[in-house]
Amino acid sequence: MGALGGPAAPLLLALALLPPWGPASGTCPPRCVCASNILSCSQAVLSSVPAPLPRFTAVLDLSHNNVTRLRADWAPGRLAHLHALLLSHNGLSFVSTEAFAHVPHLRHLDLSSNRLRALEENLFSDLAELEVLLLYNNEISAVDRTAFDNLGRLRKLYLGQNRIARFPLELLRDGSRLPQLALLDLSANRLRSLPVGELQALPAWLRDRLYLHGNPLACDCPLFQLVARGRRRRLSAVMDFQEELRCLLPAAATPVGILALAGRQPLNCSEAREAVLEAHLGDTVTLGCDTRLRGVRSRHWVTPGGERVLEEGGNGSAALLANGSLQLRALRPEDAGTYACWVGGPLLNETLYVELLVHNFTLHGPHDTLNTAYTTLVGCILSVVLVLIYLYLTPCRCCCCRGADKPPAPRDDSINSSVLSTTPNHAAGVPGEPSRSHSASATGPGQNGRFKVGGTPQPPPRHGPKVQRKVSDPDSVSSVFSDTPIVV
């Protein structure tokens, strides 16, 4: 086919730039604005999803309408290209569990500012590629354990400004259901207590981006220490909402700032101290609980899994020692995490945190063996290379290796020549110029420019015909790896 040109070129280019709207693809619905693969029907006073929808739609904006129910048949055909669906501000009160079966590649779903009251079983299980889910400013009070099943790519979950009294944090503990979740917003709900043990077991990237402000939390020292830890680390979830992080003291009518609990009666909370300890698989380590309090009345440890170790001696691999330290035997990868030592004193309480890092190899195991074997292999290879260089790059001294018609080299090598000399050999002598080199030996130069045994230096001739400079012999290569002259 020839190059595009002629009078038809502008017409073909204009047709190629036209949007793909038409009978075959579906026309732009009434009261909507269509641009490329974006379909905007915001503030169009719609009571249902317009139909038919173009099959190539990638972004569908239905916000600020009156779509109160999202049934399973809202999208009669499969919308394989749709990756963003906006349904905020609709008064939406019902979403079918099969509503998202036709949009499997959805990555952004906005259901905020509606009237949803519950997240039912397997509600979002068809959205395996979903990354952002906005559910804030609804009336949600119940969250089913399976509501977020199959959301392996979900990164941000916004549930603020709802009526949630308990969120199943155990769904996040092992990291198998929402492995990519990096932000969880539970602010402005009805949470009254927090399982600090379960929060400590959360992955660090999620624990540091957990928003809890605006909840009617009950004051206690673990809550204070959790928030104080976030302040020390300058986390935005704490630094940006310090005024809204409040709690209720027993028999108090008004909430107080959580960070104001330090040394305040009747709790007398103090900030927790942290330490980091590194170990290897199979090791036995002891986590110290070096409290500064006197007259300790009680002491216990909380493991990363939220289990308490109360009795001296303990069970399994964890044992509480007489001095309050925690001993861990035969470390496993799942033993890694943050351990908390809670100490109760006569006036104050204190919590010490120890971050245990378990390296996934033994200290004297296969890791070191592999390093030794690798080093030995490299040494052997290097030795073989050096031997080959010595054997095949050593200069040939037998007369048969030289050309029959080559005259013997003149005895004019410099006695001071060396492989480290920076003066190159000249290709030929210049006619009319006397030689500047001195004779080194009666039998020719030695290897590496060294003196041969039996050679006697000769003074340069004072008179006689001018001699030609030595021409370098390309058939002879000096070995730089041998310190012993070779005499043939």
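Here the structure is shown first, and the text comes after it.
These figures come from a predicted structure and were not determined experimentally.

A. Spotlight on the environment of S236. With respect to the secondary-structure elements, S236 resides in helix α6 (residues 236-239). In the structure, S236 is positioned 27 residues away from R209 in sequence and 7.6 Å away in space, judged by C-alpha atoms. Apart from the residues lying within four places of it in its own chain, the contact partners of S236 are Y211 and F241. Looking at S236, its side chain comes within polar contact range of the side chain of Y211, at 3.2 Å.

B. Fine view of the environment of L261. Tracing the sequence through the fold places L261 in the loop between β16 (256-257) and β17 (273-280). Its relative accessible area of 1% is what places L261 among the buried residues. Once residues within four sequence positions are removed from consideration, L261 is found in contact with C219, D220, F224, C247, L249, V256, L267 and C269.

C. Main features of the pattern of salt bridges. For the structure on display, the rule yields five salt bridges. R155 serves as the salt-bridge partner of E131, at 3.6 Å between the closest nitrogen and oxygen. Here the residue E131 occupies a position in the loop between β8 (118-119) and β9 (132-134), and R155 occupies one in the loop between β10 (142-143) and β11 (156-158), the gap between them amounting to 24 residues. Residue class for R155 comes out partly exposed when judged on its relative accessible area of 34%. Salt-bridge contacts for D335 lead to R332; the nearest nitrogen and oxygen are separated by 3.2 Å. Residue class for D335 comes out buried when judged on its relative accessible area of 7%. Here the residues in one salt-bridge network are R332, E334 and D335, joined through shared partners.

D. The arrangement of the sheet that holds strand β7 (residues 108-110) in detail. In space, the nine strands of this open sheet follow the order β1-β2-β3-β5-β7-β9-β11-β12-β13, with mixed pairing throughout. Two strands in the sheet have a free side with no partner beyond their single neighbour: β1 (33-35) and β13 (210-211).

E. Region of interest: the sheet that holds strand β22 (residues 326-328). Spatial strand order, β18-β22-β21: three strands in an open sheet with antiparallel pairing. Edge positions in the open sheet fall to β18 (285-287) and β21 (318-320), since each of these has one partner strand only. Put simply, the sheet's adjacent strands are angled 25° from each other on average, direction ignored. Across three bridges, the pairing between β21 and β22 is antiparallel. Across the sheet, the residue bridging to A318 is L328, located in β22.

F. Inspection of the side chain of N65 at higher detail. With respect to the element layout, N65 can be found in the loop between β3 (59-61) and β4 (69-70). Engagement of the side chain of N65 in a polar contact is seen with the backbone oxygen of L62, the distance being 3.0 Å. Here the side chain of N65 touches S63 through a polar contact of 3.1 Å, landing on its backbone oxygen. The residues touching N65, leaving out its near neighbours within four places in the chain, are C41, S42, Q43, A44, V45, L46, H89 and N90.

G. Structural view of the pairing of strand β19 (residues 298-302). The pairing of β19 with strand β23 (residues 337-344) spans five bridges and is classified as antiparallel. Each residue of the ladder has a partner; that of W301, found in β23, is C341. Two elements, β19 and strand β20 (residues 308-309), share two bridges in a ladder whose sense is antiparallel. Bridge assignment links W301 to a residue of β20, and that residue is V309. Where β19 folds back onto β20 in an antiparallel hairpin, the turn is made up of five residues, including G306, whose phi is positive at roughly 85°.

H. Local environment of the nonpolar core. Counting 74 residues, the largest nonpolar core has W74, F124 and F148 as its most contacted members. Considering every element that reaches this core, the biggest residue donor is helix α5 (residues 221-232), with six residues. Non-local contacts of F124, meaning those with residues more than four positions away in its chain, are made with F100, L109, L111, L119, L133, L135, A147, F148, D149 and L151. Within the second largest apolar cluster, 19 residues are counted, among which are V285, L331, V343 and V358.

I. Summary view of the packing of aromatic side chains. Per the counting criterion, the structure on display carries four aromatic pairs. Seen in terms of ring centroids, F148 and F167 are 6.5 Å apart; in terms of plane orientation they differ by 45°. Their pairing is tilted. Of the two residues, F148 sits in the loop between β10 and β11 while F167 sits in the loop between β11 and α2 (170-173), which places them 19 residues apart along the sequence. Here F148 matches F167 in class, with each residue buried. Here the guanidinium or amino end of R69 rests over the ring plane of F94, the centre of that ring lying 4.4 Å away. One residue, R229, lies across the ring of Y353, its end atom 5.7 Å from the ring centre.

Definitions and limits used
Residue positions within a chain follow its written sequence, with the count starting from 1. Whole-chain, interface and lining totals are the exception, using all residues; otherwise, since this is a predicted model, local features are given only for residues with pLDDT of at least 70 and side-chain atom pairs are given and counted only at 80 or more. Side-chain calculation: all heavy atoms of the structure are included, whereas hydrogens and water are not. Starting at the N terminus, helices and strands are each numbered in turn, a helix being any DSSP run of H or I of at least four residues and a strand any DSSP run of E of at least two. The criterion used for residue contact is that any of the two residues' heavy atoms lie within 4.5 Å. Each polar contact in these results corresponds to two N or O atoms within 3.5 Å; when the atoms are within protein, one needs to be able to donate a hydrogen and the other to accept it, and residues that are neighboring in sequence are counted only if both atoms are side-chain atoms. Throughout this description, buried means an accessible area under 20% of the type-specific maximum (1.4 Å probe, protein chains only), exposed means over 50%, and partly exposed covers the range between. Just to be clear on terms, a salt bridge is a Lys or Arg side-chain nitrogen sitting within 4 Å of an Asp or Glu carboxyl oxygen. Two strands are counted as paired when DSSP detects at least two bridges linking them. Axis definition: a line fitted to C-alpha atoms, limited for helices to the stretch in contact. Angles are taken between N-to-C directions and run from 0 to 180 degrees. Residue types Ala, Val, Leu, Ile, Met, Phe, Trp, Tyr and Cys, when buried and joined through side-chain atoms within 4.5 Å, form a set referred to as a nonpolar core. Think of it this way: a Phe, Tyr or Trp ring, Trp meaning its six-membered ring, pairs with another when their centres are within 6.5 Å, and the plane angle makes it stacked under 30 degrees, edge-to-face over 60, tilted otherwise. By definition, being over a ring means that NZ of Lys or CZ of Arg is both within 6 Å of the ring centre and within 35 degrees of the ring normal.

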